[in-house]
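# Topology and contacts: notes
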Amino acid sequence: MEVIETERLVLRRFTQRDAADLFEYLHLPVASCFLSLALADIKDAEREALERSTHERTIAVCLRASGKLIGDLFAEPEDDTFSVGWNFNPGFGGKGYAYEAAAALFTHLFTERAARRLYAYVEDTNTSS
């Protein structure tokens with residue numbers, strides 16, 4: 001995946017160095033759809049970061065100024081359609097980061113990946129999404 005930069009964010013592949021920041025928001029996932037991704041300890045986070053680094057489906061979202069991982073996006077291809085979603089560290093909520101990251105990803109999918117359609121599922125209790 002090519003790096004995508006916005007005014008405040010960098011979207012890139014995961015690296016092993018993302019483990020601690022990933023653990024920060026996946027040890028107790030806020031949205032119930034991410035409960036199956038819950039990480040028990042930092043070793044689990046290291047394995048998960050390594051796994052995510054091997055493919056382009058999951059995208060790390062980092063603060064441009066510091067490089068801190070604050071969330072992730074996914075884009076699962078299905079021919080010319082993509083299933084998309086996001087999961088962010090709640091400590092960074094309410095600042096428009098998810099919107100900014102998703103908008104950049106969607107632009108990339110339509111212009112660079114020839115997407116014809118995107119779809120996402122959002123839990124009715126997840127009002128911020």
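Presented here is a report on the structure given in the accompanying data block.

Below, the discussion takes up the packing of aromatic side chains. If you walk through the whole model with that rule in mind, you get 2 aromatic pairs. Considering the side-chain rings of Tyr119 and Tyr121, the 5.7 Å spacing of their centres and the 80° angle between planes classify their relative orientation as edge-to-face. Of the residues examined, Tyr121 reaches a relative accessible area of 73% and is grouped as exposed. Above the ring of Phe14, the side-chain terminus of Arg52 is found at 5.2 Å from the ring centroid.

Another point: unusual backbone geometry. A positive phi angle, close to 60°, is found at Asp79, a residue other than glycine. Structurally, Asp79 is set in the loop between strand S4 (69-78) and strand S5 (81-88).

Right, let's get into the sheet that holds strand S1 (residues 4-5). Spatially, 6 strands are ordered S1-S2-S3-S4-S5-S6 in an open sheet, and the strand pairing comes out mixed. The sheet terminates laterally at S1 and strand S6 (117-119), the two strands that pair on one side only. Of the pairings in the sheet, the one linking S4 to S5 comprises 8 bridges and is antiparallel in character. Directly across from Ala75, in S5, lies its bridge partner Val84. Along the sheet face, helix H1 (residues 19-26) touches S4 and S5 and points at about 85° away from the line of S4.

Rules used throughout
Residues numbered from 1 in each chain as written. Predicted model: local features only at pLDDT ≥ 70, side-chain atom pairs only at ≥ 80, totals over all residues. Heavy atoms only, no water. Phe/Tyr/Trp six-rings, centres within 6.5 Å; stacked < 30°, edge-to-face > 60°. Buried < 20%, exposed > 50% of the residue type's maximum accessible area, 1.4 Å probe, protein only. Lys NZ or Arg CZ within 6 Å of the ring centre and 35° of its normal. Helix = DSSP H or I, 4+ residues; strand = E, 2+ residues; numbered from the N terminus. Pairing = 2+ DSSP bridges. Contact = heavy atoms within 4.5 Å. Axes fitted to C-alpha atoms, helices over the stretch in contact; angles between N-to-C directions.

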